[in-house]
Each structure stands twice: as C-alpha cells, then as structure tokens.
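One-letter residues, chain by chain:
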Amino acid sequence: MKIAMVGSGYVGLVSGACLADFGHDVTCIDKDPAKIERLQAGIMPIYEPGLAELVAGNVKGGRLSFTTSLAEGIDGAQAIFIAVGTPSRRGDGHADLSFVYAVAREVAEHLKGPAVIVTKSTVPVGTGDEVERILSEAGLPFPVSVVSNPEFLREGAAIGDFKRPDRIVVGAEDEFGRQVMQDVYRPLFLNQAPLLFTSRRSSELIKYAANAFLATKITFINEIADLCEKVGGNVQDVARGIGLDNRIGSKFLHAGPGYGGSCFPKDTLALLKTAEDYDSPLRIVEAVAKVNDSRKRAMGRKVIEAMGGAELARGKTVALLGLTFKPNTDDMRDAPAIAVAQTLQDAGVAVVAYDPEGMEMAAPLMPGVRMVGNAYEAVTGADAIALVTEWDAFRALDLDRVKALVKAPVLVDLRNVYRPDEVRAKGFAYTSIGRA
Ligand SMILES: NC(=O)c1ccc[n+]([C@@H]2O[C@H](COP(=O)([O-])OP(=O)(O)OC[C@H]3O[C@@H](n4cnc5c(N)ncnc54)[C@H](O)[C@@H]3O)[C@@H](O)[C@H]2O)c1
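Residues numbered from 1 in each chain as written. Predicted model: local features only at pLDDT ≥ 70, side-chain atom pairs only at ≥ 80, totals over all residues. Heavy atoms only, no water.

(A) Seen up close, the packing of aromatic side chains. In the structure shown here, the tally under the stated rule is 5 aromatic pairs. Residues Phe162 and Tyr185 carry aromatic rings whose centres are separated by 6.4 Å and whose planes lie at 40 degrees to one another, so their mutual orientation is tilted. Within this pair, whereas Phe162 is found in helix H7 (residues 158–163), its partner Tyr185 is found in helix H8 (residues 175–189), the two being separated by 23 residues in sequence. What makes Phe162 buried here is its relative accessible area of 3%. Tyr185 gets classed as buried once you look at its relative accessible area, which sits at 2%. Taken together, a centroid distance of 6.2 Å and an interplanar angle of 45 degrees make the contact between Phe252 and Phe264 tilted. Taken together, the residues Phe252 in the loop between helix H10 (235–243) and helix H11 (264–277) and Phe264 in helix H11 connect sequence positions 12 residues apart. Judged by relative accessible area, which is 28%, Phe252 ranks as partly exposed. (Phe/Tyr/Trp six-rings, centres within 6.5 Å; stacked < 30°, edge-to-face > 60°. Helix = DSSP H or I, 4+ residues; strand = E, 2+ residues; numbered from the N terminus. Buried < 20%, exposed > 50% of the residue type's maximum accessible area, 1.4 Å probe, protein only.)

This is how it looks when you write it as structure tokens:
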C-alpha cells in the first residue's frame, strides 16, 4: 500500500520507517527542508536506537523516501498519516492544533483520489470532526475517511514499541476507514497485536487517558517516596511490594525527579483543558500535574540541601549527569534537568553538565550551564554531583576515579541508580529518592 506520513519527527519518522519495513511504500513529508535534506543524505535528525539502520535499509529497498512537497508525497497514497506536533498552546495550555489543521487544509487542496486521513498526532476529542469538516468543505468528488490512530511508542524504545505494540487503537466511523487501517496493520496482527476498533472520539480520548494514568502512577510513587524519606522506608521495596500485585503491575513505579518529556506534561494539561471545556473536572489529574510541576524544582532544592543548605551552596559548582528526560533519547522537552539547573542557578550555584546525546538540544534551553565532553570532566572540581538521567554509562561510572576528581564527594542520585551502602563505603555523602 502507498502511505504518506506528514511530519517526520520522533513519531512520524519511526512510524514511517517501520511501516516501510512491513513492506508498504512510504513517503515521509516534512516542511523543514533541513530535516528532509539530512534524511535524504542518510543522516538522522534525531537520536533513536536502531533508526539509522532501519531507515537506510528501507531507503535502499526502495520502500521509503523523503520530500518537502506534500502534493508530491500524498499523490496516490491510500493512507495519509498526520504526525505533526501538538504542543501546549502558549498562554492557556490547550493543545495547539494549528499544525494539524494546516496539514488537513493542504491535503484537502492537493488530494486527487480516495484516501483515509489518519490522525496519529495526539489530539483532543473532537479534532477528527474538525479535520473531517475541513476536508468536506473542499467538496472532493471521491470518498475520504478521517480516522484516529494514536501512537503509544516510547522514545528510546520506539522501533520495538511500534513493531510489537501492546495494542493498536483505531477510531473509525466508516467501513472504508476500518478496511484501509486493517490493511495498514495487517503485518502486525499476523503477530497477534490486538487491533482495537472504537469510535473516533473514544480513540482520541484513549490516548489522553492512557498518558494521564501513567503520569498518575509515576506521581503516586514519587509522593510515596517522599513519605518513605520521612518515615524511614525504602520506596524500591514498597514499589516491588505493590507492583507484584498483578492488578497494580510493576511498571511506572520508579521514583524519580518527576515526569517530563514531549508527552505527559502537555497531554495532562490538554486533557484538563478538555475536561474544563466540558464541565467535567478530572481532579486526580489536576493534582498530578500540580504535584509533578512543583517536584522538579524541589529536586534542585534537594541538591542544595545535600550541600549543606543555601548559604553553603552559593558560589559552588554542581555537576549534572544526564539532561534528557529519560535515557536513550536526545529529547529535552520538559526535562526535569531544566528546572533542577534553574533552581541551582537561582541559588547562585554554577552548573556544569554532561549528557551522552542531549547536549545539543539542551544548550539553548539551559543558558549559563557549561556543557562538557564526558562524565569525568563534568565532576572534576565539583562540590556536588546530581545524577538526573539514568543513562547506562552512569551506572558503570568508576566511583573511585570520580571521588579523586571532585572537590567534595556529595552525590545526589535522583534515579536511585546506585546502592547506598556501596556508594557510602567509597566515602560519598549519598542522597537518593525515598531511601534511607
Ligand atoms: N514523541 C513521542 O514520544 C510521542 C509519542 C506518542 C505520541 N506523540 C505525539 O505525536 C505527535 C508528534 O510528536 P513528535 O514528538 O514526533 O513531534 P516532532 O516535533 O518531533 O515532529 C513533528 C514534525 O512535524 C513537522 N511539521 C509541522 N507542520 C508540518 C506541516 N504542515 N507539514 C509537514 N510537516 C510538518 C515538523 O517540522 C516536525 O519535524 C504529537 O502530537 C505528540 O504528542 C509523540
């Protein structure tokens, strides 16, 4: 099948490359000429494990190509995916749908034959109705169906997630839409991935409800971690103790500096705005967003406390290890490291940082933070170290070498990567999350 993917970012590029790998003929479209030029030259615009090889293989096989021209890219496509960004709208927190609607209008202008328009971007309930309205206003003389197909992949594990999903959700209102989506995903349900058909509105809501639920789980364990610190418990034991209950499950129960990334912060906010518009408050999600928001700066204060308080910390230097919102990505959107660094800088603390993949994206978001080439360089002369992102490289740090390089052996582990007894035995003053 010929497929067009409009938007070649984290979701569009991975989805396009995977669909090509299933044997479809895929054109990835992006309005950013620099991105398309890089892709055409075989250079990945983002860091995602395995992506460069997947793209190269499918380009070579003639199943994957790139263009800036939407008219050219959608020509003859039976399925046209919209995978553009839906960031928080400045000022009010609603999802900014201007990119999605701009694509819908451009598709309406250039479409030459029957096609299914698939919203893969995360969009609020009712967006599919508006996309349909835009297309129907164009008075196209052939059938067009608008379906919702939210994406659940995780950055850092995106290819595996796309190819072996827990489920595929399709919100379709007619048989044409359902049929084409069945053909798109046929290679996957041969692998038994459940294909769940719902109404378009339910499908749109499923994505937000899923993210809000996961954000709630993270925030829940973060607050339990705070309580553990007060009562002398160990949050990792508590998480294991509750997670082994199948009704709860062990995933998303890792205490840390608060959720970040390109999805949870903006999606919880957008869901709250939808709830407000429909006069149906989601008070649990409201609390989650608020708690998570204040947690990030609290983590900066935790580092200051570990240094002996604000007065002692002023004028000193903290080394941040890891900046991205999680390992194996270069994505810095809403990363807790930004708020941690800002809190430190506000208290007159200098910040030096190292991240294996995120420094290029981080630099413009973290003015005044000195980026260096590796972890050992970062800790050299530091008065404290804060581990913010649990990259594998930091798990295997030579702590004896680190100890010899720092000015003061203060280690704040915001991801509970290290074992307290081991680190303390090496002479570090060690603080982690929710563990005595
Ligand atoms: N990143 C994730 O992990 C993830 C996971 C699931 C869902 N989502 C959702 O998927 C959507 C895309 O997210 P992303 O992280 O891939 O965003 P992104 O910013 O990485 O990519 C979006 C791309 O769309 C392009 N674009 C914008 N307008 C365009 C237009 N008119 N024509 C062609 N291209 C255009 C941009 O240039 C950009 O390259 C969002 O709605 C997001 O919420 C993201």
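This is not the end of the story, as more comes after the structure.
(B) Quick look at unusual backbone geometry. In this structure, Asp279 is a non-glycine residue whose phi angle is positive, near 55 degrees. Within the secondary structure, Asp279 sits in the loop between H11 and helix H12 (283–306).

(C) Representation of the site of the ligand within the structure. Lining the immediate environment of the ligand, one finds 25 residues, of which Asp30, Lys35, Thr86, Glu155 and Lys266 sit closest. One of the side-chain N or O atoms of Thr86 is found 2.6 Å from an oxygen atom in the ligand. In this structure, a nitrogen atom belonging to the ligand sits 3.2 Å away from a side-chain N or O atom of Ser262. In isolation the ligand offers 840 Å² of accessible surface; the protein chains occlude 89% of this area. Those elements giving two or more residues to the shell around the ligand turn out to be helix H1 (10–21) and helix H5 (98–110). Tallied by class, residues from the shell around the ligand come to 9 nonpolar, 7 polar and 9 charged. (Near = heavy atom within 4 Å. Polar contact = N/O pair within 3.5 Å; in protein donor to acceptor, adjacent residues only side chain to side chain. Areas by Shrake-Rupley, 256 points an atom, 1.4 Å probe, with all protein chains shown as cover. Nonpolar A, V, L, I, M, F, W, Y, C, P; charged D, E, K, R; others polar.)

(D) Seen up close, the packing of H5 against helix H6 (residues 127–137). Taken N-terminus to C-terminus, the directions of H5 and H6 make an angle of 30 degrees; their axes are 9 Å apart at the nearest point. As the angle between them shows, H5 and H6 are arranged roughly parallel. Our pair here, H5 against H6, has a crossing hand that is right-handed. Across from Val100, Tyr101, Ala104, Arg105, Val107 and Ala108 in H5, the residues of H6 making contact are Thr127, Glu130, Val131, Ile134 and Leu135. Split into classes, the residues belonging to the contact of H5 with H6 amount to 8 nonpolar, 1 polar and 2 charged. (Axes fitted to C-alpha atoms, helices over the stretch in contact; angles between N-to-C directions. Parallel < 35°, antiparallel > 145°, perpendicular 65-115°, else oblique. Left-handed = near helix turned anticlockwise from the far one by under 90°. Contact = heavy atoms within 4.5 Å.)

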